[in-house]
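# Descriptive structure summary
Here is how the chains run, residue by residue.
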Amino acid sequence: MSFSDLRASRKTKSYVTGAPARKDAKEVLLEQSPSLPLYRDLPLITEIRTCDTSGRGLWSKANLRAGQVLFAVKPHVAVLSTEKLDGYCSTCFGVAPPSGLKRCTQCRSVWYCDSTCQTKDWSVHKHECTSLQRWSKAAPSDDLSIPSDAIRCMGRILWKKQRKGLDSVWTGELDSMQSHRKSLPLSTSELYAHLAHSLVQYLGLSSPDELRQFGINSSGDLVDLISRFTTNTFTITDAALCPLGASVSPTVALINHSCDPNAVIVFPRASANPQAEEPLMHVVVLRNIVPGEEIMTAYIDTTLPRSLRQEGLKETYHFDCRCQLCESHLDVDPRESMWCPKACGGMCPLPTEENPLTRCNECKSAVQSTDAVLDAVRVGQEALDKATAVQFKDPAKARQLTTKLIPILTSAGLTPSCHPLLGLTILHKSFLISSFPSPCTQEYLDDTIRVARKAITGLTSIHREGHPVLGIALAELAKILAVDEPSPRETNGPGIYPPSGPPRLKLALDTFMRARNSLMIGFGMVNEGGEIGRHVREVLVSLEKEIGVWKQGVRNVLQDTPKLK
Ligand SMILES: C[S@@+](CC[C@H](N)C(=O)[O-])C[C@H]1O[C@@H](n2cnc3c(N)ncnc32)[C@H](O)[C@@H]1O
């Protein structure tokens, strides 16, 4: 849910238990007058409750099934990230059509599908347009000519607030989102001051006093705005979970966090008309929920080890996570695990500076190479941070880092689900897929398939089937398994991966089917797994036909071949 990054949620199989209803939940509390009915988007099968530890939250009043779309809402405000502005429509967030997008001729910074999308956005963009032009003129360099996503999003919040009315339900919902103003750590003051200054500049105000027109009457109100924005913003993603920008929905923001979530927020782009109401946020149930259970999503990447998750949650959301996963004491957490040094098939917890002694959970053999493992994890973490930071600006450099570090971490004994190996593998896979050579060689194709499979092995140890991240990764693997082989091998052996020829096609079919099952849950049954789920279904139909033709061909050959005497 972090606005800067898509942090997919994950789950370890061993934690698969229904979360017990929290005892400290109090009765329904809605801080609103009857004349201001907030959260009209909420379905009747949910209710808002408050509890001492996490404030308001959303609770289920009914049995909910995995794959059920609990509700779908249009965010109050959404903005594209700067680097996506020229590739997607700023209104519906649809990808540029083959005929291209239409650019706003005034600010020349935002793009639309067509005049329909442009007209829909005009009531807010007319303010934004002037601000963008002014900002660009004053920018010291080209790469600073567009303000950050946060500033553009907060600008939109204020203009829309003004338009909807400061006393409106719309504004009431926004203003009821949680602010941490009273408990902000000192370390945030510099960032907040910078954001406040940039926002005033972007809005073209000569003094903070002019913020009154937006209902901001004091510096406290301004801090509230920034705090509400950072605490309640969701990453907006495309149908394949690639981050596109930031969005704010007060209804969705009622949902509290768990590192072991029972729901997920996705943008499946499910409608037959891609422009209709998009971008639409769907809250999808990941596993069955019983009445009286709290609905929870993950705000951060749950493939991360506990310490990094806790750090991230504290920094952005200001709480100490006490979810089942954080409180559990597992023998071996797949996020921090290595193979048995005697290769008995068991696993050991990853050694740490504080706990260097580690043993296999099966044969109890001790890991001797502690220093080497610690070093590998440290350089792996540095490489992952660097590669993530430069992946768009300098993909060659990023790929160099992943190519170099994956073998080091693998030979240090880390399992595929272990951090930072899993992160590096996922990144490496995306580099391989995005730079398929033309013509593609068998070696490149097979290598990409192996890396994609390794990522899935890691993800499967953490996510349950049905998680959208797993569904997308499976669909990606299935797709590359179905690519025509440049030079198929003659033989297939039990230890050879990937197989070649017809067995490869069969494996692609099975992987597509597994992907489809996961996508149907993760992106919602009624959405048919979203845009990617529908695409997978189409490919499945044609692959089944292809395999059917091949089987028939084999049958014909067998029938035509004279029996051996
Ligand atoms: C998006 S809001 C969630 C709704 C919020 N509880 C409210 O009352 O509006 C995020 C904030 O809720 C609180 N929160 C969310 N999940 C929590 C958890 N598992 N434990 C403690 N606090 C939590 C934190 O204060 C966090 O900054």
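From a predicted model like this one, the values you see are computed outputs, not experimental measurements.

### Examining the overall build of the protein
Helix and strand counts for the protein stand at 14 helices and 15 strands. Rg of the C-alpha trace for the protein: 26 Å, near the compact-globule value of 24 Å for 565 residues, within the 12% margin. Each of the three principal axes of the protein carries a C-alpha extent, and together these read 95 × 60 × 50 Å. For the protein, with 565 residues in total, the buried portion stands at 51%. Taking all contacts inside the protein whose residues are at least 6 apart in sequence as the whole, residues at least 24 apart take part in 67%. Entry remark: accessible area of the protein is about 26,900 Å², with carbon and sulfur atoms responsible for 55%. Measuring between centres, the 65 positive side-chain charges of the protein sit 4 Å from its 60 negative side-chain charges.

### Examining the confidence of the model for the protein
On average, residues of the protein carry a pLDDT of 90, and 90% of them reach 70 or more. A low-confidence stretch, residues 1–35 (pLDDT under 50), is modelled with 115 contacts involving residues beyond four sequence positions or located in other chains. Two summary scores accompany this predicted model of the complex, namely pTM at 0.90 and ipTM at 1.00.

### Details of the packing of helix H2 (residues 149–164) against helix H5 (residues 219–232)
Two elements in contact, H2 and H5, have axes separated by 11 Å at closest approach and are oriented at 115°. As H2 packs across H5, the resulting crossing turns out to be right-handed. From H2, Ala150, Cys153, Met154, Ile157 and Leu158 reach across to H5, where they touch Leu225, Ile226 and Phe229.

### Things to note about the site of the ligand
Taken together, 17 residues lie near the ligand, and Ser54, Arg56, His180, His257 and Tyr317 sit nearest. In this structure, arginine 56 approaches the ligand through a main-chain N or O atom, which is 2.8 Å from a nitrogen atom. Glutamine 178 places a side-chain nitrogen or oxygen 3.2 Å from a nitrogen atom of the ligand. Contact with the protein chains removes 93% of the 560 Å² of surface that the ligand exposes when unbound. Counting only elements with at least two residues in the shell around the ligand, the list comes to strand S3 (55–60), H5 and strand S10 (256–257). Classifying every residue of the shell around the ligand gives 7 nonpolar, 9 polar and 1 charged.

### Brief notes about the pairing of strand S5 (residues 77–80)
A regular strand places its side chains so that they alternate between the two faces of the sheet. Going residue by residue along S5, you find Val77 and Val79 tucked away on one face and Ala78 and Leu80 tucked away on the opposite face as well. Where S5 and strand S9 (residues 243–248) come together, 4 bridges link them in antiparallel fashion. By the bridge assignment, leucine 80 is partnered in S9 with glycine 245.

### Digging into the side chain of serine 258
When you line up the elements, serine 258 lands in the loop between S10 and strand S11 (263–266). Residue class for serine 258 comes out buried when judged on its relative accessible area of 6%. Every residue in contact with serine 258, bar those within four places of it in the chain, is listed here: Met296, Thr297, Ala298 and Cys323.

### Points about the pattern of salt bridges
If you walk through the whole model with that rule in mind, you get 19 salt bridges. A salt bridge links aspartate 175 to lysine 161; its shortest N-O distance comes to 3.1 Å. With a gap of 14 residues between them, aspartate 175 in helix H3 (residues 169–175) and lysine 161 in helix H2 connect regions that are remote in the sequence. Overall, lysine 161 belongs to the buried group, its relative accessible area being 7%.

What counts, and where the lines are drawn
- Residues numbered from 1 in each chain as written.
- Predicted model: local features only at pLDDT ≥ 70, side-chain atom pairs only at ≥ 80, totals over all residues.
- Heavy atoms only, no water.
- Helix = DSSP H or I, 4+ residues; strand = E, 2+ residues; numbered from the N terminus.
- Rg over C-alpha atoms; globule rule 2.2 N^0.38 Å.
- Buried < 20%, exposed > 50% of the residue type's maximum accessible area, 1.4 Å probe, protein only.
- Contact = heavy atoms within 4.5 Å.
- Areas by Shrake-Rupley, 256 points an atom, 1.4 Å probe, with all protein chains shown as cover.
- Lys, Arg positive; Asp, Glu negative; His and termini not counted.
- Charge placed at Lys NZ, Arg CZ, Asp CG, Glu CD.
- pLDDT = per-residue confidence, 0-100.
- Axes fitted to C-alpha atoms, helices over the stretch in contact; angles between N-to-C directions.
- Left-handed = near helix turned anticlockwise from the far one by under 90°.
- Near = heavy atom within 4 Å.
- Polar contact = N/O pair within 3.5 Å; in protein donor to acceptor, adjacent residues only side chain to side chain.
- Nonpolar A, V, L, I, M, F, W, Y, C, P; charged D, E, K, R; others polar.
- Pairing = 2+ DSSP bridges.
- Salt bridge = Lys/Arg side-chain N within 4 Å of Asp/Glu carboxyl O.

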